[in-house]
Amino acid sequence: MASSPYYLTTPIYYVNDRPHIGHAYTTLACDVLARFHRLDGRDVHFLTGTDEHGQKVEKSATAASKDPQSFTDEVSQNFRKLAEDMNYSNDDFIRTTEERHKRAAQAIWKAIQDNGHIYLDSYAGWYSVRDEAFYAETELTKNEDGQKIAPTGAEVEWIEEPSYFFDLSKWQEPLLEFYEQNPDFIGPDSRRNEVVSFVKGGLKDLSISRTSFKWGIPVPNDPEHIMYVWLDALTNYLTAVGYPDTENSDYSKFWPADLHMVGKDIVRFHAVYWPAFLMAAGLPTPKRVYAHGWLLNKGEKMSKSLGNVVLPEDLISQYGLDPVRYYLLREVPFGNDGYISHETMAARINSDLANDIGNLAQRSLSMVAKNCDGAVPTPGPLTEADETLLSAALDVVDSARDEFDRQAFHRGLDAIWNVVGDANRYVDSQAPWELRKTDPDRMATVLYVLAETIRHLGILIQPIMPDAAAQMLDQLAIGEDARTFAHLGPAHALTAGTSLPKPAPVFPRYVDEETVS
RNA sequence: GGGCCCGUAGUUCAGCUGGUUAGAACGGACCGCUCAUAACGGUUAUGUCGCAGGUUCGAGUCCUGCCGGGCCUACCA
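Residues numbered from 1 in each chain as written. Chains lettered and ligands numbered in written order. Predicted model: local features only at pLDDT ≥ 70, side-chain atom pairs only at ≥ 80, totals over all residues. Heavy atoms only, no water.

### Here we look at the overall build of chain A
A tally of regular secondary structure across chain A gives 19 helices and 18 strands. Along the first, second and third principal axes, the C-alpha atoms of chain A reach 90 × 55 × 40 Å. Out of the 517 residues belonging to chain A, those deemed buried represent 57%. The long-range share in chain A, meaning contacts at least 24 apart out of those at least 6 apart in sequence, stands at 76%. With an accessible surface of roughly 22000 Å², chain A has 48% of that area assigned to carbon and sulfur atoms. (Helix = DSSP H or I, 4+ residues; strand = E, 2+ residues; numbered from the N terminus. Buried < 20%, exposed > 50% of the residue type's maximum accessible area, 1.4 Å probe, protein only. Contact = heavy atoms within 4.5 Å. Areas by Shrake-Rupley, 256 points an atom, 1.4 Å probe, with all protein chains shown as cover.)

### Some details on the protein's contact with RNA strand B
Close to RNA strand B lie 26 residues, the nearest being Arg268, Asn359, Arg363, Lys370 and Phe507. Sugar and phosphate atoms constitute 74% of the interface atoms of RNA strand B, taking the interface as everything within 4 Å of the protein. Measuring from a base nitrogen of RNA strand B, one finds a side-chain N or O atom of Arg363 at 2.6 Å. The separation between a phosphate oxygen of RNA strand B and a polar side-chain atom of Lys370 is 2.4 Å. Elements with a minimum of two residues in the surface near RNA strand B: helix H6 (189–200), helix H13 (342–371), helix H15 (409–430) and helix H16 (432–438). The biggest single contributor to the surface near RNA strand B is H13, with 10 residues. (Near = heavy atom within 4 Å. Polar contact = N/O pair within 3.5 Å; in protein donor to acceptor, adjacent residues only side chain to side chain.)

### Quick word on the pattern of salt bridges
Pairing of side chains with opposite charge becomes possible as their charged atoms draw close. Tallied over the full model, the rule gives 28 salt bridges. A salt bridge links Glu331 to Arg348; the nearest nitrogen and oxygen atoms lie 2.6 Å apart. Of this pair, Glu331 sits in helix H12 (residues 321–331) while Arg348 sits in helix H13, and the two are 17 residues apart along the sequence. (Salt bridge = Lys/Arg side-chain N within 4 Å of Asp/Glu carboxyl O.)

### Examining the sheet that holds strand E11 (residues 209–210)
With respect to topology, three strands assemble into an open sheet ordered E11-E13-E12, the strand pairing being antiparallel. Here the strands that pair on one side only, and so sit at the sheet edges, are E11 and strand E12 (218–219). (Pairing = 2+ DSSP bridges.)

### Comments concerning the side chain of Ser364
Mapped onto the fold, Ser364 is located in helix H13. With near-sequence residues (within four places) excluded, Ser364 lies in contact with Leu447, Leu450 and Ile454.

### A few points about the pairing of strand E15 (residues 289–292)
Side chains Val289 and Ala291 project from E15 onto one buried face, and the interleaved Tyr290 and His292 project onto a second face that is buried too. Looking at chain direction, strand E14 (residues 259–263) and E15 are connected through four bridges and run parallel. By the bridge assignment for E15, His260 is matched with Val289. Remark: the E14/helix H10 (residues 267–281)/E15 crossover connection has right-handed handedness. (Right-handed = clockwise from strand over helix to strand, strands pointing away.)

### Overview of the domain arrangement of chain A
By the assigned domains, chain A splits into domain 1 (5–292) and domain 2 (342–492). Computed from C-alpha atoms alone, the centre-to-centre distance between domain 1 and domain 2 is 43 Å. With 13 residues of domain 1 in contact, the opposing surface of domain 2 contributes 18 residues. Between domain 1 and domain 2 the total buried area reaches about 1300 Å² when both faces are included, carbon and sulfur atoms providing 66% of it. Taken together, the connections running from domain 1 to domain 2 amount to one salt bridge. (Domains from an automatic or database assignment. Buried area = accessible area lost by both parts, 1.4 Å probe.)

### Details of the nonpolar core
Counting 97 residues, the largest nonpolar core has Leu329 and Trp417 as the members making the most contacts within it. Core analysis: the second largest hydrophobic core is formed by 62 residues, Ile94, Ile118, Phe178 and Tyr273 among them. (Core = buried A, V, L, I, M, F, W, Y, C linked by side-chain atoms within 4.5 Å.)

### Considerations on the packing of aromatic side chains
The full count for this structure, using the stated rule, is 23 aromatic pairs. For the pair Tyr237 and Trp274, a centre-to-centre distance of 6.1 Å together with 65° between the ring planes defines the contact as edge-to-face. Of the two residues, Tyr237 is situated in helix H8 (residues 236–239) and Trp274 in helix H10; the sequence distance between them amounts to 37 residues. Owing to a relative accessible area of 1%, Tyr237 belongs among the buried residues under this scheme. The class for Trp274 is buried, based on a relative accessible area of 0%. (Phe/Tyr/Trp six-rings, centres within 6.5 Å; stacked < 30°, edge-to-face > 60°.)

Here's what the structure looks like:
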């Protein structure tokens with residue numbers, strides 16, 4: 001179990017988009033899970049990447065006077081930069097324009113086709129290039145110019161063309177049975193309900209090819225047709241583990257994926273179409289799809305037209321990377337929509353990070369520095385209070401694991417911060433500054449217990465705040481090879497007498513600039 | 001039109017299969033401490049648990065209706 005593989009994915013992001021806080025949020029959640037499971041000794045494969053096909057990209061490239069490939073080569077860098085800026089630990093970055101992906105997408109097409117689930121017909125309807133979706137006549141409205149527009153506001157055009165279809169309508173019952181037998185397949189529950197009721201409402205066969213543009217993966221044996229972008233895009237999850245080579249690749253180790261993390265807007269593609277495609281191709285279905293909510297800017301959905309889109313780089317430069325990582329996962333219950341704002345960010349940074357954990361480390365380690373010759377103190381016999389704190393620090397990894405496995409990041413963090421609170425209460429109740437005068441040996445024990453607690457906390461917060469955690473652990477002179485969850489507990493406890501570097505605050509308070517001046 | 005979710009202290013939210021005086025965090029007020037990043041600890045809530053009925057010995061927790069907010073989905077003339 002401890003060494004079992006763990007494969008998780010972000011959606012592949014639409015290469016045309018400018019990376020915003022929503023993209024950063026999704027991948028951050030995956031990054032935390034990836035790091036957590038690595039620390040737990042698991043063999044993790046963490047995938048992200050970009051979705052680069054489709055008519056919209058083709059048009060954007062033309063508008064920029066570039067060929068689509070060099071256009072996507074260029075703009076996909078924005079997402080690689082996001083990964084660097086946010087300190088993501090993805091093991092792979094896939095682009096759907098890569099050869100390995102073309103191979104995989106054509107292979108899954110053939111598998112579905114060979115199993116008799118694809119047929120050729122023709123499609124006619126109102127199509128929106130921007131939304132990459134067809135709309136029913138009744139859904140359309142007209143704008144001022146009399147142009148028909150989709151509910152999303154996008155322009156639509158009448159398209160009539162030959163098209164291959166996937167027999168999605170036949171998968172209603174198998175899907176419902178699949179959801180029934182895999183109650184954890186979709187999270188959170190509210191999304192699961194939605195998906196189930198959508199499928200119960202009946203499914204129509206899905207048009208899965210286009211002939212009206214070229215920028216995409218050709219249908220096997222009929223290159224006039226380009227594969228539907230979603231079939232193309234979803235298959236990236238297979239590509240990255242080596243499909244269609246199911247023998248001599250990571251496929252056998254990592255497929256089916258443990259988790260597809262998605263935003264709530266694309267849950268249908270992942271929870272309905274994707275398992276249907278896979279079942280039709282005779283492939284195993286992923287274990288879980290989790291749809292998180294939106295980050296709202298003070299209650300309003302972020303959009304270009306409102307001009308209130310929050311960019312990750314702006315948050316990072318204002319607050320620092322690790323505080324932003326912590327804030328995003330602590331402030332908003334994952335799965336719900338939630339507000340983010342400067343006020344709540346500053347409050348979290350100051351109360352949770354600076355005051356609680358940062359000050360705990362600083363007050364403890366500076367006492368060690370001043371009163372124990374700057375070395376790990378030598379503990380005497382442990383009291384009940386000592387044991388209680390140490391076991392809380394050790395046991396919380398189990399709570400965190402449970403909560404993170406359910407994608408309840410806010411709850412996992414809350415559990416860890418309970419230990420921070422315990423430790424601060426312990427300092428006050430033990431009053432080592434008094435013991436310094438009355439009972440130096442006991443003081444040494446108390447400071448040792450605190451140092452051990454901080455060691456545990458440092459190890460535990462690594463997935464969320466890798467750099468800050470490293471600083472904390474550096475201050476305890478913990479070797480980089482001694483920082484996994486296997487090192488929690490007394491077996492790897494600090495060695496008395498180890499000399500320690502001079503402590504320095506890890507989490508500075510956030511002070512508004514206006515307030516300063 | 002159908003379906004799902006939500007409405008609990010100033011704020012953000014916990015409250016599982018119904019059961020003693022409804023909880024946490026943050027903010028506020030007061031007290032304590034002084035090791036520490038003026039940080040830490042303790043004490044402190046007159047909350048009509050959206051409204052109105054109902055079931056029950058007993059409901060924030062189940063049922064019905066209504067009001068308000070969000071989401072999914074369908075659509076007639």
